[in-house]
Amino acid sequence: MSSFSDSALAAWDLIVRGDAALWAIVARSLGVSAAACALACGFGVALGALLGVGRFAGRGAVLTVLNTLLAVPSVVVGLVVYLLLSRSGPLGFLGLLFTFEAMVLAQSVLVLPVAAALTRQVVEDSERPHGEQLASLGAGTALRALLLAWHERYALLTVAIACFGRAVSEVGAVMIVGGNIDGFTRVMTTAIALETSKGDLALALALGIVLLAVVLALNALVALLRRWRLSRGDAAVLPRAGAEVAA
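This structure is a prediction, so every number in the text was calculated from the model and none was measured.

Draft legend 1. Seen up close, the packing of aromatic side chains. Summed over the entire model, instances satisfying the criterion amount to two aromatic pairs. Directly above the aromatic system of Trp150 lies the positively charged group of Arg153, at a separation of 4.3 Å from the ring centroid.

Structure below.
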């Protein structure tokens, strides 16, 4: 108990004192996850909106694959990206392995199915009451997807927040493709794993507190957005925060 209290006090001191190493890791972690979230949501929202509106042969199989990808472990994603970026891989000529960009790519691949699946559900729910009217006005599949996505833009903002929470809290993919190099590719989750194994519990605990604070802030933001939308009387319901913003 004494060891835990001493580590907690030391961790709090690192946070309050503004330890340079601690906040450099935090900034790098947030930067990687923000870039990955922006990239994944850009493609995922477009794909999800089209799947929510489009009706074509094999759509059920596509949705099954998409839902399956939601459960793919982050270490598997990291392994696949590692093989693609390794010297003998098809993208080895880019020289991105063990770089910031490699971690962004790995987290983007991990988050893309989440963005697409949640967007597909939001747009499909909106398409039921509004899709027929838009189609009668001559809107094609792509235009209906765009209009419905814009109509549900606040729900999609919640999707983006959930995707960021998924990205910032994962450890396997960035550990594999980033290498956890001090000062270059070390992020909060990989640093926690390393510092715990080294016995530096103060730094590990400080990073854990910051990570929990980030996830808590994301969930609070989702809840505030949900309450704001309900107060406006919107028909669509925002995705629940707890299931998507995983720690």
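Draft legend 2. Molecular detail of the pattern of salt bridges. Under the defined criterion, the tally for this structure stands at nine salt bridges. Close ionic contact of Glu195 with Lys198 constitutes a salt bridge, the shortest N to O distance being 3.6 Å. With Glu195 and Lys198 both in helix 9 (residues 188–198), this residue pair falls three residues apart, about one helical turn. According to the relative accessible area criterion, Lys198 is exposed, its value standing at 56%. In this structure, a network of salt bridges that share partners links the residues Arg59, Arg120, Glu124, Asp125 and Arg128.

Draft legend 3. Summary view of the layout of surface pockets. Size it by volume and the second largest pocket reaches roughly 240 Å³. In this structure, the second largest pocket is lined by 15 residues; those nearest its centre are Leu69, Val109, Leu110, Leu112 and Pro113. Listed by contribution, the elements that provide at least two residues to the lining of the second largest pocket are helix 3 (59–69), helix 4 (74–85) and helix 5 (100–136). Per-class residue counts for the lining of the second largest pocket are 15 nonpolar, no polar and no charged.

Draft legend 4. Summary view of unusual backbone geometry. Located in the positive-phi region is Phe98, a residue other than glycine, with phi close to 65 degrees. Mapped onto the secondary structure, Phe98 falls in the loop between helix 4 and helix 5. Of note, Asn180 is a non-glycine position whose phi angle comes to about 55 degrees, a positive value. Take Asn180: it is sitting in the loop between helix 8 (172–178) and helix 9.

Draft legend 5. Looking closely at a nonpolar patch on the surface. A cluster of nonpolar side chains, namely Val75, Val76, Val80, Leu84, Leu91, Phe93 and Leu94, defines an oily patch on the protein surface of about 600 Å² accessible area. With respect to the element layout, Leu91 can be found in the loop between helix 4 and helix 5. A residue is classified by how much of its surface remains accessible, and Leu91, at 31% relative accessible area, is partly exposed.

Draft legend 6. Layout of the confidence of the model for the chain. Mean pLDDT over the chain: 89, with 93% of residues reaching 70 or higher. Mean pLDDT across the secondary structure elements of the chain bottoms out at helix 11 (residues 241–244), with 41, and peaks at helix 4, with 96. In this model residues 235–247 is a low-confidence stretch, pLDDT under 50, and it forms 33 contacts with partners more than four residues away in sequence or in other chains.

Draft legend 7. Focus on the environment of Leu39. You can see Leu39 is positioned in helix 2 (residues 20–53). The exposure class of Leu39 is partly exposed, given its relative accessible area of 39%. With 168 residues separating them in the primary sequence, Leu39 and Leu207 have C-alpha atoms 25 Å apart.

Draft legend 8. Inspection of the environment of Thr99 at higher detail. Within the secondary structure, Thr99 is located in the loop between helix 4 and helix 5. Residues Thr99 and Ser33, spaced 66 residues apart in sequence, show a C-alpha to C-alpha distance of 14 Å. Discounting chain neighbours no more than four positions away, the residues touching Thr99 are Val177 and Thr185. A polar atom in the side chain of Thr99 sits 2.3 Å from the backbone oxygen of Leu96.

Definitions and cut-offs
Residues numbered from 1 in each chain as written. Predicted model: local features only at pLDDT ≥ 70, side-chain atom pairs only at ≥ 80, totals over all residues. Heavy atoms only, no water. Phe/Tyr/Trp six-rings, centres within 6.5 Å; stacked < 30°, edge-to-face > 60°. Lys NZ or Arg CZ within 6 Å of the ring centre and 35° of its normal. Salt bridge = Lys/Arg side-chain N within 4 Å of Asp/Glu carboxyl O. Helix = DSSP H or I, 4+ residues; strand = E, 2+ residues; numbered from the N terminus. Buried < 20%, exposed > 50% of the residue type's maximum accessible area, 1.4 Å probe, protein only. 1 Å grid on protein atoms, 1.4 Å probe; cavity = no way out; pocket = protein on both sides within 12 Å on 5 of 7 lines; lining within 4 Å. Points joined across faces, edges and corners; volume = space filled by probe spheres on them. Nonpolar A, V, L, I, M, F, W, Y, C, P; charged D, E, K, R; others polar. Patch = residues over 30% accessible without salt bridge, like charges linked within 9 Å, V, L, I, M, F, W, Y side chains within 5 Å. Areas by Shrake-Rupley, 256 points an atom, 1.4 Å probe, with all protein chains shown as cover. pLDDT = per-residue confidence, 0-100. Contact = heavy atoms within 4.5 Å. Polar contact = N/O pair within 3.5 Å; in protein donor to acceptor, adjacent residues only side chain to side chain.

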